[in-house]
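Examining the three-dimensional arrangement
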Amino acid sequence: MELPSVPAGVTTVITSGKLPPECAAFFTSGGALTDEADWSHVASAVDACLASGGVDANVRGALALAGAYGRLDALEDCPEPDDMDEGNDRAVELLQAAEANGVDENETSELWWYSARMRSRAAELRDCLAETDAYIEKHGSTPWRRLEAKLGRAHDLYAAGDRAAATPLFREVAEISPWDLGASGSGHQQILSA
């Protein structure tokens, strides 16, 4: 799922020269992020600027929108659902602040949609992790680790010269589709437990 493009109001305030210096430092004169910066840096700087209370009222909405964009950008690579929800909650607060400070809903609507999608993704990830934990509790390992162990046994047998015993194990491993190795391990339970 791809993050929408940077809202026009954010681009305008970046190139206007009206950004607080703490935020402007992350952008080139043309409005692109510098090589050393990413949107999470911008989001942190926005939080600090807004908390200080010294932001010009004419810039506050666009600045909050830039912070929301930065928070949402960081969610894509976030491996923990709780961290995703925390970052998303802050993005929602910033979207609300942007609208309360004059940013039109046309500028925020795609980010609201993305936020909702990322909230769903966090819930799906939480469910997947719970299924994996339950599977590990029952079987002692993930399906992938059990498959790796079976493959390791096949390699050991082959290296020891017992090709007759190794060949069927290699064949079993080769016939397992990686798409069937979900958290439940269904479909190849008999092979993985052998």
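All of the points below concern the structure found in this document. (Residues numbered from 1 in each chain as written. Predicted model: local features only at pLDDT ≥ 70, side-chain atom pairs only at ≥ 80, totals over all residues. Heavy atoms only, no water.)

Helix and strand counts for the protein stand at nine helices and zero strands. Along the chain direction, N to C, the helices and strands of the protein fall in the order α-α-α-α-α-α-α-α-α. For the protein, whose C-alpha radius of gyration is 25 Å, the value lies well above the compact-globule estimate of 16 Å for 194 residues. Looking at the protein as a whole, 36% of its 194 residues are labelled buried. (Helix = DSSP H or I, 4+ residues; strand = E, 2+ residues; numbered from the N terminus. Rg over C-alpha atoms; globule rule 2.2 N^0.38 Å. Buried < 20%, exposed > 50% of the residue type's maximum accessible area, 1.4 Å probe, protein only.)

Two elements in contact, helix 5 (residues 81-100) and helix 6 (residues 105-139), have axes separated by 9 Å at closest approach and are oriented at 165 degrees. Relative to helix 6, the element helix 5 is oriented roughly antiparallel. Considering the relative orientation of helix 5 and helix 6, their crossing is left-handed. Contacts between helix 5 and helix 6 involve P81, D82, M84, D85, N88, D89, V92, L95, Q96 and E99 from the first element and E105, T108, L111, W112, S115, M118, R119, R121, A122, L125, R126 and L129 from the second. (Axes fitted to C-alpha atoms, helices over the stretch in contact; angles between N-to-C directions. Parallel < 35°, antiparallel > 145°, perpendicular 65-115°, else oblique. Left-handed = near helix turned anticlockwise from the far one by under 90°. Contact = heavy atoms within 4.5 Å.)

Bringing the nonpolar core into the picture now. In this structure, L19, C23, W39, L63, L65, L72 and L111 are the most contacted members of the largest nonpolar core, which totals 34 residues. Residue assignment for this core shows that the elements contributing at least two residues are helix 1 (8-16), helix 3 (39-52), helix 4 (57-75), helix 5 and helix 6. With ten residues, helix 4 is the largest single contributor of residues to this core. What C23 contacts, discounting residues up to four positions off in sequence, is A45, V46, C49 and L63. (Core = buried A, V, L, I, M, F, W, Y, C linked by side-chain atoms within 4.5 Å.)

A word on the side chain of T108. For T108, the position within the fold is in helix 6. Looking at T108, its side chain comes within polar contact range of the side chain of E99, at 2.5 Å. (Polar contact = N/O pair within 3.5 Å; in protein donor to acceptor, adjacent residues only side chain to side chain.)

For the rest of this paragraph, the subject is helix 4. Taking 1.5 Å of rise per residue, 19 residues should cover 27 Å, and helix 4 covers 28 Å from first to last C-alpha, within 8% of that figure. Between the side-chain oxygen at the start of helix 4 and the backbone nitrogen of N58 there is a gap of 2.6 Å, and the oxygen is on D56. (Expected span 1.5 Å × (residues − 1).)

Our next topic: helix 7 (residues 143-159). Taking 1.5 Å of rise per residue, the 17 residues of helix 7 would be expected to cover 24 Å, and the 24 Å separating its terminal C-alpha atoms lies within 8% of that figure. Residues P143, R146, L147, K150 and A154 constitute the buried set of helix 7. Along the long axis of helix 7, the arc covered by the buried residues comes to 105 degrees, so they all point the same way. Within helix 7, the exposed residues directed more than 90 degrees away from the buried face are R145, E148, D156 and A159. Count one or two residues on from helix 7 and you reach G161, which has phi positive near 95 degrees. (Arc of directions from axis to C-beta.)

This brings us to the pattern of salt bridges. This model, assessed by the stated rule, comprises nine salt bridges. The salt bridge partner of D89 is R119, with a shortest N-O separation of 3.1 Å. A residue pair is termed long-range when its members are at least 10 positions apart, and D89 in helix 5 and R119 in helix 6 qualify at 30 residues. Take R119: its relative accessible area is 31%, and that puts it in the partly exposed class. The partner of E172 in a salt bridge is K150, and the shortest N-O contact between them spans 2.9 Å. Here E172, found in helix 8 (residues 163-175), pairs with K150, found in helix 7; they are 22 residues apart in sequence, far enough to count as distant. (Salt bridge = Lys/Arg side-chain N within 4 Å of Asp/Glu carboxyl O.)

From the geometry alone we can't say anything about function, so treat these as descriptive.
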